Amino acid sequence: MNAKILTFSSRGDTTLLEYDPATADMEEINRVIAEYEARTGAQPFDMATGERLERVTREQNEGLMVHPIAGG
Amino acid sequence: MAPAIVSVIAFLVLIVWRFVFAGSRSGPLARAIARQQQRHSNPLAEGLHISDLGTVAVIAENQFENNSGGLRSLDRKDRAKAYLRRIAALTGATQTGSAYVLDVGKMRFRVRDRHVSRLRDITDPGCALEETCFYPVHRGMPKAEEIATALLQLMNNPALFDRWAAQSGAYKADGQAFSPGQ
């Protein structure tokens, strides 16, 4: 089963990345996630536990990039 | 001689006709491929660069992009509500009317559409209720997903409430300040 990284956007839920966790280069996955965070401020959360992730590992099957929030 | 010239002309006309006909049939196909390529590039607009990912990972297009506008919008809201229910279950939040109540330690948050209130200590009957507004920096997401985003962030980092209340800009989930243009 493929793992995926999604985000909430103006188009609703949008899948950003889809990969085979058994064979994927996780360094590369995390590099792409870090690049996305640098551009959007979104950080990865584990959709199985609801906890924020420092790094995505092969154990996560579904991650959610959570965008920043401002007060107002 | 004349019949030979007529034959050559007829042959040339047939060749030209074949090319014109073939071109008109392949036009829509070429356009469809172009549209498909355009859809595949849509996620790039959200700022993710994947040109050198190779076979490691792919960006999947939103599977509902092919729907008509109305259906897509309806489906988008339904899916957003489903994600909110799922995240509420993950965080232990309970729905009361249009709001979601989330307990983190002794704190109680009540999150609704772009509003959040906090009781610092639910064991203290005299504890004051504090309120503030919030909005995701990424604009236009469905309301249910905005609430889900706030629930996830507050569960992991309840101190974010104070940052939001201070109205001092946007913050990532880990509490770091974020400027959209950075």
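Our structure is the block above this text.
Residues numbered from 1 in each chain as written. Chains lettered and ligands numbered in written order. Predicted model: local features only at pLDDT ≥ 70, side-chain atom pairs only at ≥ 80, totals over all residues. Heavy atoms only, no water.

A. A look at the overall build of chain B. Tallying secondary structure elements over chain B gives four helices and seven strands in all. Going residue by residue from the N terminus, the α and β elements of chain B occur as α-α-β-β-β-β-β-α-α-β-β. Here chain B holds 182 residues, and the buried ones make up 31% of them. Residue pairs in contact within chain B that sit at least 24 positions apart in sequence constitute 36% of those at least 6 positions apart. With the model as given, the accessible surface of chain B reaches about 11,000 Å², and the carbon-plus-sulfur share is 58%. (Helix = DSSP H or I, 4+ residues; strand = E, 2+ residues; numbered from the N terminus. Buried < 20%, exposed > 50% of the residue type's maximum accessible area, 1.4 Å probe, protein only. Contact = heavy atoms within 4.5 Å. Areas by Shrake-Rupley, 256 points an atom, 1.4 Å probe, with all protein chains shown as cover.)

B. Spotlight on the interface of chain A and chain B. Each side of the interface is counted separately: chain A has 44 residues, and chain B has 52 residues. For the pair chain A and chain B, the summed buried area comes to about 4,300 Å², and 56% of that belongs to carbon and sulfur atoms. The largest share of the area that chain A buries against chain B comes from Phe8, Arg11 and Ile69 of chain A, three residues that together contribute 18% of it. Our count for the contact surface shared by chain A and chain B stands at three salt bridges. Where Arg86 of chain B meets Glu62 of chain A, a salt bridge forms, and the shortest distance between an N and an O atom there is 2.4 Å. Across the chain A-chain B interface, the total number found is 14 residue pairs in polar contact (both at pLDDT 80 or more). Going through the elements one at a time, strand E1 (3-9), strand E2 (12-19), helix H1 (26-40), strand E3 (43-46), strand E4 (62-66) and strand E5 (69-71) of chain A are the ones with two or more residues in the side of chain A that touches chain B. In terms of residues, the side of chain A that touches chain B owes the most to one element, H1 of chain A, which gives 10 residues. Class assignment for the residues of the side of chain A that touches chain B results in 18 nonpolar, 14 polar and 12 charged. (Buried area = accessible area lost by both parts, 1.4 Å probe. Salt bridge = Lys/Arg side-chain N within 4 Å of Asp/Glu carboxyl O. Polar contact = N/O pair within 3.5 Å; in protein donor to acceptor, adjacent residues only side chain to side chain. Nonpolar A, V, L, I, M, F, W, Y, C, P; charged D, E, K, R; others polar.)

C. The arrangement of the sheet that holds E2 of chain A in detail. Residue and element names in this part refer to chain A. The strand order E2-E1-E4-E3 describes an open sheet built from four strands, whose pairing is mixed. What marks the edges here is a single partner per strand, and that holds for E2 and E3. Strand after strand, the sheet turns through a mean of 30° between neighbouring axes, direction not considered. Summarising the sheet, E1 and E2 pair through seven bridges and their orientation is antiparallel. Its bridge partner lying in E2, Lys4 is registered against Glu18. (Pairing = 2+ DSSP bridges. Axes fitted to C-alpha atoms, helices over the stretch in contact; angles between N-to-C directions.)

D. The arrangement of the pattern of salt bridges in detail. Under the counting rule described, the total for this entry stands at 15 salt bridges over all chains. Two residues, Glu28 of chain A and Arg31 of chain A, come together in a salt bridge whose shortest N-O distance is 3.1 Å. With Glu28 of chain A and Arg31 of chain A both in helix H1 and three residues apart, the pair spans about one turn of that helix. Taking the relative accessible area as the measure of exposure, Glu28 of chain A reaches 16% and is therefore buried. Between Asp113 of chain B and Lys143 of chain B there is a salt bridge, with its nearest N and O atoms 3.6 Å apart. Within this pair, whereas Asp113 of chain B is found in the loop between strand E3 (107-112) and strand E4 (115-119), its partner Lys143 of chain B is found in helix H3 (residues 143-156), the two being separated by 30 residues in sequence. A relative accessible area of 30% means that Asp113 of chain B is categorised as partly exposed. Each of Glu28, Arg31, Glu35 and Arg39 of chain A takes part in one network of salt bridges that share partners.

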